Structure formats: C-alpha cells, structure tokens
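As a plain string of letters, each chain reads:
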4 protein chains.
Amino acid sequence: MGPTAVLLIWCPDQKGLVAEVSSFLYRYGGNIVHAEQHIDVPQGIFFHRIEWELQGFGLSQEDLETCFGRIAERLRMSWRLSYSEKKYRVAIFVSKYDHCLVDLLYRHKIGELPVEVTAVLSNHPDLEPLVRGHGIPFFVFPITPLTKENEEARELDLLRELNTDVLVLARYMQVLTSRFVQAFPNRIINIHHSFLPAFIGKQPYTQAYERGVKLIGATSHYVTEELDQGPIIEQDVCRVTHRDSVEDMIAKGRDLERQVLGRAVRLHALNRVLPYGRKTVVFT
Amino acid sequence: MGPTAVLLIWCPDQKGLVAEVSSFLYRYGGNIVHAEQHIDVPQGIFFHRIEWELQGFGLSQEDLETCFGRIAERLRMSWRLSYSEKKYRVAIFVSKYDHCLVDLLYRHKIGELPVEVTAVLSNHPDLEPLVRGHGIPFFVFPITPLTKENEEARELDLLRELNTDVLVLARYMQVLTSRFVQAFPNRIINIHHSFLPAFIGKQPYTQAYERGVKLIGATSHYVTEELDQGPIIEQDVCRVTHRDSVEDMIAKGRDLERQVLGRAVRLHALNRVLPYGRKTVVFT
Amino acid sequence: MGPTAVLLIWCPDQKGLVAEVSSFLYRYGGNIVHAEQHIDVPQGIFFHRIEWELQGFGLSQEDLETCFGRIAERLRMSWRLSYSEKKYRVAIFVSKYDHCLVDLLYRHKIGELPVEVTAVLSNHPDLEPLVRGHGIPFFVFPITPLTKENEEARELDLLRELNTDVLVLARYMQVLTSRFVQAFPNRIINIHHSFLPAFIGKQPYTQAYERGVKLIGATSHYVTEELDQGPIIEQDVCRVTHRDSVEDMIAKGRDLERQVLGRAVRLHALNRVLPYGRKTVVFT
Amino acid sequence: MGPTAVLLIWCPDQKGLVAEVSSFLYRYGGNIVHAEQHIDVPQGIFFHRIEWELQGFGLSQEDLETCFGRIAERLRMSWRLSYSEKKYRVAIFVSKYDHCLVDLLYRHKIGELPVEVTAVLSNHPDLEPLVRGHGIPFFVFPITPLTKENEEARELDLLRELNTDVLVLARYMQVLTSRFVQAFPNRIINIHHSFLPAFIGKQPYTQAYERGVKLIGATSHYVTEELDQGPIIEQDVCRVTHRDSVEDMIAKGRDLERQVLGRAVRLHALNRVLPYGRKTVVFT
C-alpha cells in the first residue's frame, strides 16, 4: 500500500455526515482504504476515521485543509488530518527499568512502530549505554523535589527543540507536573502496571499480591492532570495464582506491560485513537 | 433505538462506493447508525455493512429494492437487505446433548437472540419434554443409514412449511447430506467442539487429550459440503493441563461451545456476518 | 473413581509435614489421588491438600479424626476433613436476575456441582416458578430497611433447620448484616460483577462504561463484613470496546458472572479452596 | 531462597510413594519447598516433582544418588535429579528471524531464564553481530541439502565439546535429522508458529489466513522424529479478524512466539516439565 492520509472527525451527530465526507473525497479521486464510524448515543457525538490513498488524489495538503475546513465549519466538525509519510516525532521517558524501552526500540527497529524516536529522556543515567547503542540521543535530567520545576522546564525546551509530537512514558517513575501535562494534551502515553482503575498509585503488584487477585493487568492511557485517570487506550491481563510471589507478578507483568504499551503506541501512531472526556474510541 | 434496516454489500473494489451508498441513504433521509467497510486487498473485494434508522426514512421496502437495485447493478454490487423488525425464523437441530440447546433457549428468552425459534428437530426423542416446556414444537426424525435420505426429505418439507431462514446445529450428531446443505447455503450454523482446523471429525476432546494440547477450543461455522471446512464465524479457547481428563475437557468444553455458538447465532441474526469463499467478514 | 476423603491443612511451616501426613495415610492403606502443598514464604505458613481413596483405607471417620487429631496437635496444624460422599448442603440467594441461578441449577442437574441444593431464598417472589419447576423449595423474605433484622433472623432459622453448610449469593441484591456473615464465616460465596478491587459497590457496569475500560470482569469471593473485600476465589474478564453500551456490558457480563460463579462453587464443593486473611489458596 | 535440589519421578502408580519420598528427605533434613504429584489414571502412571532446600540437608549429591537409587530401584521409579546451582547449558539455533532470539537473550540477561547460553548456531551469518554484541559465541553451519549430514555432524561435535544439555530452536528454519534428534531426546525445545496440531508444516500464518480462523497461536514442544508432533510444553493464542493480513498475523504472532518459547524454556530450566509419550506433565 502506498502513502495515505487519515481524517479523524468528531462532532454532534446529524444525518448526512458520512455522505458529505465520502463524497468530498470521491470528488477529488480519493480511494478509501479504511472507513469506520461510531456514535456515542447517550452523548449524541459522531466519530469518524477515514483513510484514503494519496496516489491519484487531487488535493495538496494545503488545499485539502482549506476545502475540507469549509465543510467542517458548516457541519461543526472537529477534525485532525495526518499523513502516513509524516511520522510522529516521539520522545521516550524512562527511569531505571528497561523492559518497556528495550521492547519499544526493538519494535521500532523492525518497523512495527511507524514513528521517529528523537530522544530518550531519563532522571537516571543508567540506561544511557543501551540507548546510545541504538544511535538515539539520551538526556539526563536529575529530578529531585527541589529541582523538579527547573528540570521540567529544561525538558520542555528540549522537546520543543526536537519538534516532539508525542511522549511515551516507558515506566517513567516521576509524576509530571500540570504544566508539563498541559503542554502535551492527549499526547503523553503512559503504561500503568495494573488493570486500572484497580491499584492506582504506587506498587500495584504489591497491592495485587496483598489483595489476592487471580488476574494482574496493565493499562496504557493518556496522561491527564489527575493521576492514573486519563483515557484508556489499551489493557490486558494474565492469570496469577497463590503460588505467584510479588516477584513472579513483576515478571509476568513485564510481558503484559511491554505488549500493552507497544500496542497503544502503534494505535496512536496510526491515528486510530480518538480520546474524548475520560474515554477513547479505538478504530481497529 | 427504533427499527432499522441493514444493507450488506460485496463487490469488486472501486472508488466511490461508500460515497454512492451513503449519499443514496442521505437523499431519502436515512440516519446511519452503523457503517463499516472492509477491503480484501489481495482479492480486490469490497465489503460494506450499513445500518440506518427507518424512522424518517422515505422509501418503502419495495421502492428501496428498486432504487438501490439500479445503483447496485451499475456498480456490480451483490447485496442483501434486512429489517430488524423481520426476525429470522430459526430451526434448531439437536441429538441428546442439551447444553447448547438450553443455552440458546435461555438467551432467546431474555432477548439476547433476536430470532424466532420455530421448531426443534432431533434424531432422538430425549429432549422433547425440555423443548415443549418452552412452548416450542419438537419433531423427531429417527435417522438411520437406511432411512437418512427419506427422513431428510421430510425434514426439508417441514422446514419449508415453517418458512425457515436459518438452521442451527446445537451439537447435532448427524452429518447432513449435500442436498440438505445446498438447500441452505451459508444458512446452517454448526458448533464444532475443537479449535478448527485442529481435530476435525469425531471425538475431538479425546483427540485433544491424546495429543496433550494445553488449550482446547470450540468453533462455530457455516456448514458446507466438506465436513468441518465451512467459513468460521467465531472461535474461542480455554486452558487445560495434564490434570484434565477427557471428562474434564468435555465439561470445560460445554462452557466454550455454548458461548461460541450463542455469539455466532447472535452475529448472524444481526446481519453482521458476510461469508465469502472459506472465510467470513464479521462486522463488530 | 470411588469415594474419597480430603484433608485441608494449614499451619506454621516446618520440616517434615508432608512426610508426617503421607506416612500416616500410608500406614492405614490410603491411596493418595491428589496431593498439593503451598508455602506462603513471607508469612511462613504451610498449606496442604491431600485426597485419598476410601476403598481399602483402614480408619473410620471417627478414628481418623482421633488419630490425625493427635498428629495435628503435636505439629500445631489446623485442619478440615471432608468426604466426597457427604456433599455440602447449599442454599442459594437471589433477587430478580435469574442468569446465575439458571446456570447453577443446570450445572447441578448435569452433575458439575457436587452439592445438595436445599433451598432458594429471595427478597422477591419473581423466581418462584422457575425454582419450583426444578423441585426445589423457594422461600420469600420481603426485606425492607425496617424488616431487615427480623427477616434475616428468620432466614438464619430456616438455614439452620436445613442444616445449611454454604450460601451462594447468585446476584442477591442485599448487603448481609454482620450477624449473618459471622454465622457463616468463609462459607458465603458471592459473585460481584467487576474485576475487584475495581468498581466496588453499586452498578459496576455503569462505572466501567463511564471509565472507558477495555476489559470488564467478574469476581467470586467469600463474603466478609467489609463490602466486596472478602477473599477472592476466582476472577475472569472479557474485552469490551467503545462500541459496547452499558447494556452490552451487562449482556457480556452475564456470561462472565455465571462462569466465574459456577467455577467458584465447584472449587469450594471439591474442597479446593483454603481462605486465609484476605486471600485464598486454590488447589487445582 | 537458597540453593535447592529437584527430584522428578515417574513410575507405575502404587500406594505409599509420596510417603517414601518425603520421609526419605525428612530423614536427612530436607526442607521441602515444592511438592506436586500427578497420576495419569488411564495409564496408571505416577508423576512427582519435589524440591527442597540444600541448606541443612545431610546428603552429598553422590550419597543422595546412591541412597535414593536404592529406594527407586525397590519401587521401580524412574527419576532425574537436578540442582538449582547447576544450570543447564543451552545452545540456541536460529536462521534469520531474530525476535525469539532477542527475547531469549533479554530474558536471560535480566535473570528470568536460569540457564547458561553457551553458543548460538545458525545456517546463516546474519545474526552474528547481534549475538557477539551479547558476548556469546556464534557459529555458522551453512546447511544445504548436500551438506546437511556433514554440517550436522560438525554441529554435534561442537555441542558435545560445549557440554550442551539443551537445544532451543528459536525459529530455526531447518528440519533436524533423526540422528540429531536422537542425540538429544526430549532436550530440544522448538517454537512452532501455530496452535498445533492445526497448521503443521510450512507457512502456518498463510494457512491460517486462508482458512479464515479467528484465533492464531504458537506452540512450544520437544522435538521428536515426527515433524511438529513432539510433546507440547506450552501454547497460547490471540484474536485475529478479517482485517488482519498475513503480515498482521506474522506481527501478532511474533509476540505469541517469543512469550510461549520464553515460558517453555523457563519451565524446562526449572525442571518443571516431565514428557511422557506424546504429552507432558507441567508442574506449576
């Protein structure tokens, strides 16, 4: 398949939305390769993802934005346009655990994650050799309660300089400040090591062990200002028994975490996720 | 949600198909509540399911068929139209096992299966009291190798008389003849007690036990003339261990079978399944 | 397999416990058919389940209790003895939802649940015909905030009269009082319609819908005085998407609930569950 | 936990086996940390895994073998003794795909796989830099139909020289000859990319795509002389839909394969797998 464009649309539901969008694309020669809609009936919201081939399509990006913008205005649509050839620029945040990072870098290397990894940022120097071994810049910001505000400001500068679109927190052990979260609304992807909303906060595996659950989970979500409360992108679980120690749960959890985070980043990279309120529409 | 209509469409892929269909429905005031498309890229086939509310829609069934028929002819579309208020008339076939039957009747009773159950047919009289207890007609056709052809002919007469749309084989222990299968193409739903294509044929749990698998499964598929080879609608599995005897597998399998069959019948009833060749598109 | 006896043992861990128990049984001709141990290392507790055939075993129940009691005293073991031929007497509590009840009664009928169902108790009369149709006594206790204490006292009288061993709350919509819970310590099995500890309390499917989770679950646990906090016996989950309405979740949840509860009751009936603190050991 | 020893025992079932073994260990001060038995009732075979701490245990390895050997002879037990401190020496075989190899090396690095990786062997030079980067010797044996016999002989020499206990075929794309298989009975672990026995042989994902299954799987098994027929250690599956191309299945399969193989190697390394006939007992 050649290069494509994706429109993500959300607006109050009304008749004729699909017809308008698909007729518009047909008029300019767009061959649709994926189209999916969803209606949140209680809230009356229409969601739409439409992807078409650029080969043979008669509008430049600029013209598309102008022409479609007029339709969108008339129908009160919110929308987001993206091109498969313009990959998101991603910065990964880590602390000391490397399993999610190693997994993301491997998936990236073999082409599973269509993004550009511009840098890895950490509050510890431990993973520098690993990251540099992949030819990716590594930056340490030694955050302490006292330095946090200052270090985050420096991080934001760096992220701007790198034209960062998306942040991925790959078991990053710091809570981001509001200012940081607001700078990347619905563009910070975290992995939490429990099936949220169970076991919010610290040491979820220890909490799970003490509660005696028979399943442990992992959750990837967008970061919002409220801890572990952002829109969920993907979750998964696996069985545990009374035989599993906290260490066993941590080991099983590693497999969950890296898979769930890998899937979430891929879904975001393919523009398949539309967050709204505390929820997401995930087009498959 | 009020009554709706569903169009299932399949045809060679070309530009503008979604626009044509959605514009047509919009022209007559159809409010789309579900639209999903799929393209089988290697074979170049376009699949589409579109569902809209009938309230406010300006075409009678007859006019819809005429008008849409013209579009379909022009674009070489195959299509199937159905109405949520016109439920499929279903006949269930059983032998002696009752777990799938009990489950289907319960799901039907509480409204999970939007079909009409017109009759239960069996080659054994055992389940008659159970079926009659639900107020459903029960018919015995005592099939033996000698009587098979004759009994099947009588069954076909009965099914015709009952205006049967769909047959559900709920652990029916007879292989249907070609003539029978041809009378209901892609309208006979079977449950096979293995994750097909593993363990085709008889006693799949015994086969699974002897092979020492760590998962057992169940598969619901349309019946074709080749045994256990029809298009798969739904499958699921569960874990087993060395501790599970054949009887344990049969018990675990009961839960699998009834769930998988229940889901498959529901998907078919909602016109969410489009079989093609040996495969299905299942719109979700 | 013929009739068997089961010993469940728990005590401070020390050397030689398995040797003591297995040698004791061997001395009297017991053929062990299942033996499993577990050690909670952090707490230093030893758990053991041992099951042996009674055919050829040389001790009556009384003598076994005396002889083993001496060993247990010496080694400070807590223990529970049960016989496969002496089935637990179970009372089922329901309100208006019938899916778990129907499922339990079906599993019981086909021999999956080795218990005696002595009665069904409800705070509503709705399910009486269903229960009576199975030849099981049905009792209504019309609980209101004002009558609760009195009605529960009458229920306890009835349960005593029926020699009830175990209560199963099959979507019973009343919170039991402390007095009631204390009368059946770790012998009341509940099904909660979420993956606890997420969504404690009322309307967990609505909570799940609003939180936008990608998995819903069900949890069977022993009832303790703290709501939804008792030791978990079994849990399971299934996938949901943004397309699932609250009603869809309720429908998917029905399948989860009845399976999880069915498994939990079976595990308890086979003396495979050992609760301790807020957790359980589940011997498989 | 300190160093432990494990006895795996299998023999015709008879009374007193557990008592004999546990009393023997108790006599010499062994503190049992895991004990599990299983009886294959149809075949009358007893299986036992018992693990105890070496600290405070009064027998050297030599004495243990002598003393226990006498008991085993008397009771006609087959047995295998292993020590947690004496890790298996593992050689990994690969071709060009690296996902299973990368995963095994990562799991090994972080301590999930208690084995020694002595070498990686391949019929292609491609993965040499990756392997050398981990400080592990890499050997190329350029197998062709003509050279196969000779190259395998050289491989066997190398494996002997390295005192190899176990071979892991991490997507090795060559069928081993009988002579090779016989040299490592039940000590060659393969990963097959389907839920065996479905899709034996070549290109299982293409087979799965063409059959239209709704689940794909992976199976780790011991290699025997019959292709894809050896005793299964571990299996898992994941969902696919009509939307998944062969390439999508291959991508989803990578996650399955590396997890299933990782678990199987770990189970073998911990002496938790007892193969017999075409099956395995997996102690958990």
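Residues numbered from 1 in each chain as written. Chains lettered and ligands numbered in written order. Predicted model: local features only at pLDDT ≥ 70, side-chain atom pairs only at ≥ 80, totals over all residues.

1. What about the overall build of chain A?
Here comes step 1: Along its length, chain A carries eight helices and 13 strands.
Here comes step 2: Over its C-alpha trace chain A gives a radius of gyration of 21 Å, about what one expects of a compact globule, namely 19 Å for 284 residues.
Here comes step 3: Taken along its principal axes, the extent of the C-alpha atoms in chain A is 60 × 40 × 35 Å.
Here comes step 4: Looking at the 284 residues of chain A, the share that counts as buried comes to 45%.
Here comes step 5: When contacts within chain A are restricted to residue pairs at least 6 apart in sequence, those whose partners lie at least 24 apart make up 69%. (Helix = DSSP H or I, 4+ residues; strand = E, 2+ residues; numbered from the N terminus. Rg over C-alpha atoms; globule rule 2.2 N^0.38 Å. Buried ≥ 20, exposed ≤ 12 C-beta atoms within 10 Å, placed from the backbone. Contact = placed C-beta atoms within 7 Å.)

2. Considering the interface of chain D and chain C
Here comes step 1: Contacts between chain D and chain C engage 15 residues on the former and 15 residues on the latter.
Here comes step 2: Put simply, the parts of the chain that give the side of chain D that touches chain C at least two residues each are α1 (17-27) and β2 (31-40) of chain D.
Here comes step 3: Take the side of chain D that touches chain C: its biggest share by element is seven residues, from β2(D).
Here comes step 4: Looking at side-chain class alone, the side of chain D that touches chain C contains seven nonpolar, six polar and two charged residues. (Nonpolar A, V, L, I, M, F, W, Y, C, P; charged D, E, K, R; others polar.)

3. Comments concerning the nonpolar core
Here comes step 1: Counting residues in hydrophobic clusters, the biggest one holds 302 residues, and the most contacted among them are A170(A), A170(B), A170(C) and A170(D).
Here comes step 2: A170(C) has contacts with I92(C), F93(C), V94(C), C100(C), L101(C), L104(C), I191(C) and L261(C), leaving out every residue within four places of it along the chain. (Core = buried A, V, L, I, M, F, W, Y, C linked by C-beta atoms within 7 Å.)

4. A short note on the relation of the copies chain A and chain C
Here comes step 1: After a rotation of 180 degrees and a shift along the axis of 0.0 Å, chain A superposes on chain C with an RMSD of 0.0 Å. Both copies are brought into coincidence by an operation consistent with a two-fold rotation axis. Within chain A, A198(A) has its C-alpha nearest the rotation axis, a separation of 2.2 Å. (Least-squares fit on C-alpha atoms with pLDDT ≥ 70 in both.)

5. Considerations on the sheet that holds strand β10 (residues 215-222) of chain A
Residues and elements named next belong to chain A.
Here comes step 1: Strand order in this open sheet of seven strands is β7-β6-β5-β8-β9-β10-β11, and the pairing throughout is mixed. The open sheet is flanked by β7 (138-140) and β11 (232-239), the only strands paired with a single partner. Ignoring strand direction, the axes of neighbouring strands in this sheet form an average angle of 20 degrees.
Here comes step 2: Strand contacts of helix α3 (residues 99-109): β5 (88-94), β6 (115-122), β8 (166-169) and β9 (188-192), with the helix running at about 155 degrees to β5, the strand carrying the most contacts. (Pairing = 2+ DSSP bridges. Axes fitted to C-alpha atoms, helices over the stretch in contact; angles between N-to-C directions.)

6. Here we look at the interface of chain A and chain C
Here comes step 1: Of the residues lining the interface, 22 residues belong to chain A; the matching set on chain C comes to 22 residues.
Here comes step 2: Grouping the amino acids of the side of chain A that touches chain C by side-chain chemistry returns ten nonpolar, six polar and six charged.

7. Details of the domain arrangement of chain A
Residue and element names in this part refer to chain A.
Here comes step 1: Split by domain assignment, chain A resolves into domain 1 (4-83) and domain 2 (88-282).
Here comes step 2: Taking only C-alpha atoms, the centre of domain 1 and the centre of domain 2 are 31 Å apart.
Here comes step 3: Each partner contributes residues to the interface: domain 1 has eight residues there, and domain 2 has five residues.
Here comes step 4: When contributions to the side of domain 1 that touches domain 2 are tallied by element, the ones reaching two or more residues are β1 (4-12) and β3 (45-53).
Here comes step 5: Here the residues of the side of domain 1 that touches domain 2 are counted per class, giving five nonpolar, two polar and one charged. (Domains from an automatic or database assignment.)

8. Focus on the relation of the copies chain D and chain C
Here comes step 1: Between chain D and chain C, the superposition needs a rotation of 180 degrees and an axial shift of 0.0 Å, giving an RMSD of 0.0 Å.
Here comes step 2: Of the residues that chain D buries at the interface, 100% are likewise interface residues in chain C, meaning the two copies contact each other through the same surface.

9. Description of the sheet that holds strand β11 (residues 232-239) of chain C
All names here are of chain C.
Here comes step 1: Spatial strand order, β7-β6-β5-β8-β9-β10-β11: seven strands in an open sheet with mixed pairing. This sheet does not close on itself; its edge strands, each paired only once, are β7 (138-140) and β11. Each strand axis lies, on average, 20 degrees off the axis of its neighbour in the sheet, ignoring direction.
Here comes step 2: Judged from the three bridges that link them, strand β8 (residues 166-169) and strand β9 (residues 188-192) form a sheet pairing that is parallel. If you follow L169 over to β9, its bridge partner there is N190.
Here comes step 3: Sheet strands in contact with helix α8 (residues 246-269) are β5 (88-94), β6 (115-122), β8, β9, β10 (215-222) and β11, and its direction is about 155 degrees off that of β11.

10. Considerations on helix α1 (residues 17-27) of chain B
Here comes step 1: The complete set of buried residues in α1(B) reads L17(B), V18(B), A19(B), E20(B), V21(B), S22(B) and L25(B).
Here comes step 2: Next to the buried residues of α1(B) lie α1 (17-27) and β2 (31-40) of chain A together with β1 (4-12), β2 (31-40), β3 (45-53) and α2 (61-74) of chain B.
Here comes step 3: Once α1(B) ends, the next one or two residues include G29(B), with phi positive near 85 degrees.

11. Things to note about the pairing of β2(D)
Along any regular strand the residues' side chains alternate between the sheet's two faces.
Residues and elements named next belong to chain D.
Here comes step 1: Sheet topology note: the β2/strand β3 (residues 45-53) ladder contains nine bridges and is antiparallel. Looking across to β3, one finds that A35 is bridged to I50.
Here comes step 2: Here β2 folds back onto β3, and the loop between the two strands holds four residues, one of which, G44, carries a positive phi near 65 degrees.

12. Description of the pairing of β3(B)
Here comes step 1: Direction of pairing for β1(B) relative to β3(B): antiparallel, over a ladder of nine bridges. Along β3(B), the bridge assignment pairs V6(B) with E51(B).

13. Some thoughts on the environment of F139(B)
Residue and element names in this part refer to chain B.
Here comes step 1: Relative to the elements of secondary structure, F139 occurs in strand β7 (residues 138-140).
Here comes step 2: Assessed through the 15 C-beta atoms surrounding it within 10 Å, F139 is described here as partly exposed.
Here comes step 3: With near-sequence residues (within four places) excluded, F139 lies in contact with A119, L121 and L158.

14. A short note on helix α7 (residues 204-211) of chain A
The α-helix advances 3.6 residues per turn, and as a result positions three or four apart in sequence lie on the same side.
Residue and element names in this part refer to chain A.
Here comes step 1: Residues of α7 that are buried: P204, Y205, A208 and Y209. Looking straight down α7, one finds that the buried residues subtend no more than 140 degrees of arc, so they occupy a single side.
Here comes step 2: The inward-facing, buried residues of α7 contact β10 and α8 (246-269).
Here comes step 3: Count one or two residues on from α7 and you reach G212, which has phi positive near 75 degrees. (Arc of directions from axis to C-beta.)

15. Some words on the packing of helix α7 (residues 204-211) of chain B against helix α8 (residues 246-269) of chain B
Residues and elements named next belong to chain B.
Here comes step 1: Interaxial distance between α7 and α8 falls to 9 Å at its minimum, and their mutual angle equals 125 degrees. Judged on the interaxial angle alone, α8 and α7 are oblique. As α7 runs across α8, the sense of the crossing is right-handed. Contacts between α7 and α8 involve Y205, T206, A208 and Y209 from the former and V246, M249, I250 and G253 from the latter. (Parallel < 35°, antiparallel > 145°, perpendicular 65-115°, else oblique. Left-handed = near helix turned anticlockwise from the far one by under 90°.)

16. Observations concerning the packing of helix α3 (residues 99-109) of chain B against α8(B)
Residue and element names in this part refer to chain B.
Here comes step 1: At a closest axis distance of 9 Å, the pairing of α3 and α8 adopts a crossing angle of 45 degrees. Taken as axis vectors, α3 and α8 run oblique relative to one another. Handedness of the α3/α8 crossing: right-handed. The residues of α8 that touch α3, namely those facing H99, C100, D103, L104 and R107, are R254, E257, R258, L261, G262 and V265.
Here comes step 2: When its residues are assigned to classes, the contact of α3 with α8 shows four nonpolar, two polar and five charged.

17. A short note on the confidence of the model for chain A
Predicted coordinates in areas of low pLDDT are best not read in detail.
Here comes step 1: Per-residue confidence for chain A gives a mean pLDDT of 97, with 100% of residues at or over 70.
Here comes step 2: Across the interfaces of the predicted complex, the ipTM metric reaches 0.95, alongside a pTM of 0.97. (pLDDT = per-residue confidence, 0-100.)

18. Structural notes on unusual backbone geometry
Here comes step 1: That bond from L196(B) to P197(B) is cis: its omega, 10 degrees, falls within 30 degrees of zero.
Here comes step 2: Counting through the fold element by element, P197(B) comes out in the loop between β9 (188-192) and α7.
Here comes step 3: We note that R171(C) has phi near 65 degrees; this positive angle belongs to a residue other than glycine.
Here comes step 4: Structurally, the position occupied by R171(C) is in the loop between β8 and α6 (178-183).
Here comes step 5: The phi dihedral of N163(D) falls on the positive side, at around 50 degrees, and the residue is not glycine.

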